[in-house]
Structure formats: structure tokens, C-alpha cells
Amino acid sequence: MTVGLLFDATRCIGCGACASACKEQNKLPGPVEDETSAYTWTTVQPKGDTFVRHLCMHCLVPTCASVCPVAALHKTPEGPVVYDSEKCMGCRYCMMACPFDVPKYQWDRAVPIIGKCIMCTSRVKQGQPTACAEACPAGATTFGSRADLIREAKDRIRQNPAGYVDHIYGLTEAGGTSVMMLANQPFEKLGLKAALPGEPPAMRTWQVLSNIPDFVAVWGVFLYGVHWITARREAVSAHQPPPRSPGTASTDDPHTGRRS
Amino acid sequence: MTTSAVLPAKKFRPGFWTFFFGLVTIPFCIVTVLRFYKGLGAVTHLSDKFPWGLWIGFDLLCGVGLAAGAFTLTAAVHLFNLKKFEPIVRPTILTGFLGYIFVITALMFDLGQPWRIWHAIVYWNPHSVMFEVAWCVMLYTTVLAVEFAPVVLERFGFHAPMRIIHGIITPLVIAGVLLSTLHQSSLGSLYLIVPSKLHPLWYSQLLPLFFFISAIGAGIGMVILESYMSKRAFGRHLEMDLLEPLARAMVVALGIYGMMRLQAIARNGAFSAITDFTYEGRMFLVEFVLGVLLPVALLSFRRLRTDPTWLVAGSFLAVLGFVVNRLNVSITGMEGAAGVRYVPSFPEIIISVGLVGIGMAAFALAVRYLNIFPEQAVHAEGRPEGG
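Residues numbered from 1 in each chain as written. Chains lettered and ligands numbered in written order. Predicted model: local features only at pLDDT ≥ 70, side-chain atom pairs only at ≥ 80, totals over all residues. Heavy atoms only, no water.

### With respect to the overall build of chain B
Tallying secondary structure elements over chain B gives 16 helices and zero strands in all. On the principal axes, the C-alpha backbone points of chain B span a range of 60 × 50 × 45 Å. Within chain B, the fraction of its 387 residues that count as buried is 57%. Counting contacts in chain B only where the partners sit at least 6 residues apart, residues at least 24 apart contribute 79% of the total. When the accessible surface of chain B is totalled, it reaches about 16,400 Å², and 72% of it is carbon and sulfur. Side-chain charges of chain B comprise 27 positive and 20 negative groups, with the mean position of each set lying 3 Å from the other. (Helix = DSSP H or I, 4+ residues; strand = E, 2+ residues; numbered from the N terminus. Buried < 20%, exposed > 50% of the residue type's maximum accessible area, 1.4 Å probe, protein only. Contact = heavy atoms within 4.5 Å. Areas by Shrake-Rupley, 256 points an atom, 1.4 Å probe, with all protein chains shown as cover. Lys, Arg positive; Asp, Glu negative; His and termini not counted. Charge placed at Lys NZ, Arg CZ, Asp CG, Glu CD.)

### Quick notes on the overall build of chain A
When its secondary structure is counted, chain A shows eight helices and nine strands. Compactness check: chain A gives a C-alpha radius of gyration of 30 Å against a globular reference of 18 Å for 260 residues, more than 25% above the reference. Along the first, second and third principal axes, the C-alpha atoms of chain A reach 105 × 45 × 35 Å. When each of the 260 residues of chain A is scored for burial, the buried share is 50%. Expressed as a percentage of contacts within chain A between residues at least 6 apart in sequence, the contacts between residues at least 24 apart total 56%. For chain A, the distance from the average site of its 26 positive side-chain charges to the average site of its 23 negative ones is 5 Å. (Rg over C-alpha atoms; globule rule 2.2 N^0.38 Å.)

### A few points about the packing of aromatic side chains
Residues and elements named next belong to chain B. By the definition in use, this model includes 25 aromatic pairs over all chains. A ring pair is formed by tryptophan 124 and tryptophan 135, whose centres lie 5.5 Å apart and whose planes are at 70°; its orientation type is edge-to-face. Taken together, the residues tryptophan 124 in the loop between helix 6 (119-122) and helix 7 (129-156) and tryptophan 135 in helix 7 connect sequence positions eleven residues apart. Judged by relative accessible area, which is 52%, tryptophan 124 ranks as exposed. We classify tryptophan 135 as partly exposed; its relative accessible area is 23%. Between phenylalanine 210 and tyrosine 257, the ring centres sit 6.2 Å apart and the planes meet at 85°, which makes this aromatic pair edge-to-face. (Phe/Tyr/Trp six-rings, centres within 6.5 Å; stacked < 30°, edge-to-face > 60°.)

### A look at the interface of chain B and chain A
Residue-level contacts link 57 residues of chain B with 56 residues of chain A. When chain B packs against chain A, close to 4,800 Å² is buried across both sides, 62% of that on carbon and sulfur atoms. By the criterion of area lost to chain A, the three top residues of chain B are Asp48, His127 and Ile193 of chain B, representing 14% of everything that side buries. For the pair chain B and chain A, the interface holds four salt bridges. Put simply, lysine 49 of chain B and glutamate 35 of chain A hold a salt bridge, and the shortest N to O gap is 3.1 Å. Where chain B packs against chain A, one counts 32 residue pairs in polar contact (both at pLDDT 80 or more). (Buried area = accessible area lost by both parts, 1.4 Å probe. Salt bridge = Lys/Arg side-chain N within 4 Å of Asp/Glu carboxyl O. Polar contact = N/O pair within 3.5 Å; in protein donor to acceptor, adjacent residues only side chain to side chain.)

### Considering the side chain of threonine 95 of chain B
Residue and element names in this part refer to chain B. Within the fold, threonine 95 resides in helix 5 (residues 89-110). Here threonine 95 falls in the buried class, since its relative accessible area comes to 14%. Apart from residues no more than four positions distant in its own chain, threonine 95 is found in contact with Glu226 and Phe363.

### Quick word on the environment of leucine 327 of chain B
Residues and elements named next belong to chain B. Tracing the backbone through its elements, the reader meets leucine 327 in helix 15 (residues 308-338). Along the chain, leucine 327 and isoleucine 165 lie 162 residues apart, while their C-alpha atoms are 37 Å from each other. The residues contacting leucine 327, other than those within four sequence positions of it, are Leu54, Gly57, Phe58 and Thr332.

### Points about the packing of helix 10 (residues 207-234) of chain B against helix 11 (residues 240-268) of chain B
All names here are of chain B. Packing of helix 10 against helix 11 brings their axes to within 9 Å, and their N-to-C directions diverge by 150°. As judged from the angle between their axes, helix 10 and helix 11 are roughly antiparallel. Note that helix 10 runs across helix 11; the crossing there is left-handed. In contact with Leu209, Phe210, Ile213, Ser214, Ile216, Gly217, Ile220, Gly221, Val223, Ile224 and Ser227 of helix 10, helix 11 contributes Leu243, Leu246, Ala247, Ala249, Met250, Ala253, Leu254, Ile256, Tyr257, Met260, Arg261 and Ala264. (Axes fitted to C-alpha atoms, helices over the stretch in contact; angles between N-to-C directions. Parallel < 35°, antiparallel > 145°, perpendicular 65-115°, else oblique. Left-handed = near helix turned anticlockwise from the far one by under 90°.)

### Some remarks on the pairing of strand 3 (residues 50-54) of chain A
Residue and element names in this part refer to chain A. Within strand 3, four of the five residues are buried, which leaves it mostly tucked inside the rest of the structure. Relative to strand 3, strand 2 (residues 43-47) runs antiparallel, the two being bridged by five bridges. From the neighbouring strand, valine 44 faces strand 3, where its bridge partner is arginine 53. Adjacent in sequence and paired antiparallel, strand 2 and strand 3 are bridged by two residues, among which glycine 48 carries a positive phi angle near 65°. (Pairing = 2+ DSSP bridges.)

### Examining the sheet that holds strand 9 (residues 179-182) of chain A
Residues and elements named next belong to chain A. Spatially, 8-1-9 is the arrangement adopted by the three strands of the open sheet, whose pairing is mixed. Every other strand in the sheet has two partners, leaving strand 8 (141-145) and strand 9 as the edge strands with one partner each. Taking the axes of each pair of neighbouring strands and ignoring which way they run, one obtains an average angle of 25° across the sheet. The sheet contact formed by strand 1 (residues 3-8) and strand 8 spans five bridges and is antiparallel. Within strand 8, the residue paired with glycine 4 across the bridge is glycine 144.

### Some details on helix 5 of chain B
Look at helix 5 of chain B: 31 Å from first C-alpha to last across 22 residues, which is about the 32 Å you get at 1.5 Å a residue. Of all 22 residues making up helix 5 of chain B, 18 are buried, and the element is well covered by its neighbours. (Expected span 1.5 Å × (residues − 1).)

### With respect to the pattern of salt bridges
Under the definition given, this model contains 18 salt bridges over all chains. Of the charged contacts in the structure, one is a salt bridge between arginine 11 of chain A and aspartate 8 of chain A, with a shortest N-O distance of 3.7 Å. Residue classification places arginine 11 of chain A among the partly exposed positions, given a relative accessible area of 35%. Owing to a relative accessible area of 0%, aspartate 8 of chain A belongs among the buried residues under this scheme. Across the salt bridge formed by arginine 341 of chain B and glutamate 335 of chain B, the nearest N and O atoms sit 3.7 Å from each other. Taking the relative accessible area as the measure of exposure, arginine 341 of chain B reaches 55% and is therefore exposed. For glutamate 335 of chain B, a relative accessible area of 3% gives the class buried. A cluster of three or more residues bridged by salt bridges with shared partners is formed by Asp8, Arg11, Glu152 and Arg156 of chain A.

### As for a nonpolar patch on the surface
Together, Val111 of chain A together with Phe36 and Trp115 of chain B give the surface a local cluster of nonpolar side chains, amounting to about 290 Å² of exposed area. Tracing the backbone through its elements, the reader meets valine 111 of chain A in the loop between strand 6 (104-105) and strand 7 (114-115). (Patch = residues over 30% accessible without salt bridge, like charges linked within 9 Å, V, L, I, M, F, W, Y side chains within 5 Å.)

### A look at the packing of helix 11 of chain B against helix 13 (residues 279-299) of chain B
Residue and element names in this part refer to chain B. Contact geometry of helix 11 with helix 13 gives a least axis separation of 9 Å together with a crossing angle of 140°. Classified by the angle their axes make, helix 11 and helix 13 are oblique. Where helix 11 crosses over helix 13, the two elements pack in a sense that is left-handed. Packed against helix 11, whose contacting residues are Ala247, Met250, Val251, Leu254, Gly255, Tyr257, Gly258, Arg261, Leu262 and Ile265, the element helix 13 presents Phe284, Glu287, Phe288, Gly291, Val292, Pro295, Val296 and Leu299 at the interface. Here the residues of the contact of helix 11 with helix 13 sort into 13 nonpolar, three polar and two charged. (Nonpolar A, V, L, I, M, F, W, Y, C, P; charged D, E, K, R; others polar.)

### As for the nonpolar core
If you look at the biggest cluster of nonpolar residues, it comprises 153 residues, and the most contacted ones within it are Tyr93 of chain A together with Leu190, Tyr191, Leu198, Leu246 and Ile372 of chain B. Leu5, Leu28, Cys56 and Leu192 of chain A belong to the second-largest nonpolar core, a separate cluster that totals 34 residues. (Core = buried A, V, L, I, M, F, W, Y, C linked by side-chain atoms within 4.5 Å.)

And the structure:
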């Protein structure tokens, strides 16, 4: 069973309890910043009269985990996408590749690591909800199994079709995510990435990478074949007499004799 | 002094560029200390919104691409048996080798924790293009080092290892071509993962192929430019009989590349960005007109191709266009989605320029102390007979 979070923007009152709880749970230094950073893993931002949370979406097929050359990021069976700072060498490809622009970097440190929401993975492993969900006084962020959350989200839309746009953000975005959102207006207006491909971006590179063994075999044989032909051609021409005027048959040549 | 018949091929003659790069050395050292003492944020304009800048766009993508002459020429000579290109194989392998050293050094600046660069050897993620890139860099640098080793070994008279290398030259060259093909294209594959971020003028499922073909074009352009610069610096003649067919190959590569790029843009329906003359459209025009249309148009004429001035001009344009293309893919094309404009900081530029200078100095030193140009034409006119 994989777990996840459901954030309902129509219920959020913008109190920021989730952001503070996150700081405390993950022992992140400094005050809660306006935008997510290596030290602020989630924020609540006002957009018009609604509030929207920003946090790692914990993709079902995480792009960050697929691009990391040293496998410092991976999706746990429980759902969270976690990060191993001991492996990371700081290439920042995860930041480039993430369709939601989630991983952030410690630009101010000489020995920097990546910072992003890890869905309170130690709590989740013990069966507890995330710190943000536990802290939310308005029930805007709820924790549960992903299947239950999808059912819940669909129920809310069905029961109040006028109060919601008919879309669960995260159901299919970038191949689906463990964090899903509901809102009463289009998600791009809330500053969320819209028009994301429905299949995980990782599939596009895997299409190329998975063909490398075949490619190496075919290209290698081809190159060796070319070498074999040209080398053979050179060897043959080295044993043949120099070109002469047309009409002279090679067998007539007294010096070179017949075939060698 | 134009009448001098004997040009001192190995005499050190400091010129403008020597002083220029000498001057860059001091800020280069300062920035290096700052970068490792204070972190990336202190010296670069990189940010959470724009995590990859000049050091990836120029140092990595261009450094690898411009080293592409090495595999193109070794394949031509050792596999396709085009023996006449033999005289320029050594300087080209040297360029490739120095290019890869340049890339690795630049990575040491750009990686957050460069002392962990060996992690790519022990922690595997075969799903990552960057993992492929890391292995290609490691393996191909090794191949280039072995391919270049005879030049150093013969200098010190070590003949036994030279014989071994000579014996494995065919598998070595094949490995080099394989690794280069993989690596050139994998740099394009790096950007396959960002379909929602890279501008449609550059995003395509064929990015790996585009990077590969354009690297062949630019790699050949570099070979021609390098012959020209060697001529200027060391008083050598331009081997027009070698460079003219190379230019033809470059025109073919660029032509194929140009057609495929236009098809990809048409398929993305992105021509409007050009006709609307947007920021991205203008940058694309710079890249495409300078780097593809002009060199193809110029060097299609035999008369211009056989004229050293036009040949060098066309090659220079191709290389310049290649650099603009890589910067466009890595910077221009990514700015829209990031919502910020990235302009490299002065320290970022200092590091890149300084590394180029070190590379050029290394090339000059190698030419002076090693037999890089085998039939060293010391005399301005008349090349040695036979051989």
C-alpha cells in the first residue's frame, strides 16, 4: 500500500502551521521562507483569495530518481521519495529534471546538499501521518493511502461540483503523484505546473538508454566490418601489380606471374 | 621579416593571447579559492530556478562536442582506411584528450561535492543519462589517453608498451568511436527528460541524434581551425589537400543536421517563435544562420572551399554556431520555463576563459616538446618528400 497526501485548497486558511511543523520535524534552520528552498520544504502561498501549498509531489515514477547518476534519490515502497545526502555529489540534474521544480540546493554552503520534502518518511514508516497533515487545523492536508485519497477527492468533487474544478491535480500529472490537490480554480492560476505530460518523463530517456546494449552491438559489428573490408582490400591490392593501361591482361605480365 | 625562409617552429613567441590568458590567471585563482571556500552561490548566478549555467552549457556540452574531431578522424584513418588523413590524427587526438581533461576540470568546479566524483563508479543508476555521461567521460578519456600515449612513449623511447598499443589499435579505435557516439548523443539525451521545460524550437525526441551529427560537423570544423591556428603559431602550411575533403564532409553533416532540425521544428509547430521574432526565435536564428546556413552555403562552392581564408571562415562559423546551439539548448531554451533570465556572472566567465587558456597552453607545450605534427614542416615552403 502506498500512502500520500491530499491538499484541498478550498479548505486551507493559510495559517502556515504545516510549514512550521515541517521545519520542526525535519530540524530545518531559519524561519519559514516565502518560497520553498533547501531549508523550507513546504510553503503556503496566497493566490488571490485562495492559499496553495508547495511541496514535493512524490511522483509514482519520480523523474529525480531516474536522473540521479548515483541513485541518491529513490521511491520507497511506502510512497515517499527520499534522498541520501551521503551519496549525492551535487550535479543538480534532479533540479533540472523535476517537472515540478521541487529539489532545492544549499547555494550558500561549501559542502552543499539537496533539500526537499521527504514526506516525513520516518513517521510514515511507523504508520503515523506526516507532520504537516497532523498540524493542519482546517483539514486541508490529509494523509492516507493513495487509493483512499483518490476516492475521497472524487467524493468531494461529486458532492460539491460547483465548489471544485473537475480535476485531481496529481492523478495523472507526470505519470501520477502521491501528493494530490483539489481547488476551485484552474491549477495553473495557483502557480502549479499545468500541461504536464501524462506519462512519466523518465520513459523518454529510458527508451533511449534501454537500447544502448543493442546499439553497441550493432554499431560495433558495423565498425569492425568496415575495418575488415578496408583492411582486406588493402591487403589484396598490395599483392596485385600496379594498375596498367587497359587492354593488358594481368596473366600476360612476366614479372608478377599469375595469382599469388 | 616575411622573407625568412626558416620559421623557428619551436621557438616561444608570446603574442596577444599569451598575455591575455596570463592576465586571466590571477582572477582565475581568486575565483577558484572563493568557489571552494564559499560555495557556488558566492561566485555564480546559479539559483534554485536556474541550477545549470555556463559551466554545463559551455564547458561540458561544448568541450565534449569540440573534441569530436578525434573519433571522426581515428575512424576515418583506422577503420575507413583513409590513410591520407594520418598527418593530422595526432593533433586531433591531443585536442580530444585536452578537451576531455577540460570537461573533467570544469566538472570539478560545477559539482557541489567534486570530491565525491568517484561515486558514479560505485553507486549505479543505469536509468540515468547522467550515469551514462559519467561512464562515457571516464572510459573515453582513458581511450584517448591510450591513443595518445605512443606520442609520449616514443619521446622517451619506451618501445615495448608502444608495440602493445599498436597491437590493440583497432579494438581501441572501435571502442573510441562507440564511446564517442554514445557520449555525444547522451548529452542530447540529458534534455529528453524536460519535455515540459525546453522550448519547442530545441526539444525533440531526436535530440541525441542532433547532438551527435552536429558534433561531427563542429568536430571537423575544429580540425580545420586547429590546422589554421597551428599554421599561424608554428609556421606550418595548411594541408589544403586534406582540409578540402574534410570541409566537404562537414557540409554534408551540417546539411543533414539542418534539414532534420527544420523538420523537428515543423513537427513541434514552433516556426511561429521564429516568425514572431521572440527572444528564443532570435537566438535560434543566430545559431542556425551562423552555424548551419552560412557555412553550408559558403563551403558548397569549390572555389571558396579551396581558398584558405574562406575555408577557415566557414569552419569558424560552424564551430561558433555549434557553441551557440549548445548554449541555446542549455540556457536560452530553459529560461522560459524557469521564468528567469540567466546571465553568467563574471567569475563564471573567468573560470571558463581560464580553462580554455590552460587547454591552449597545454596544446602549445605538447606541440613544442612532443612530435605532434609527425612530418614537422620546419621550412615555410616545400614539405619533406616521401615518408
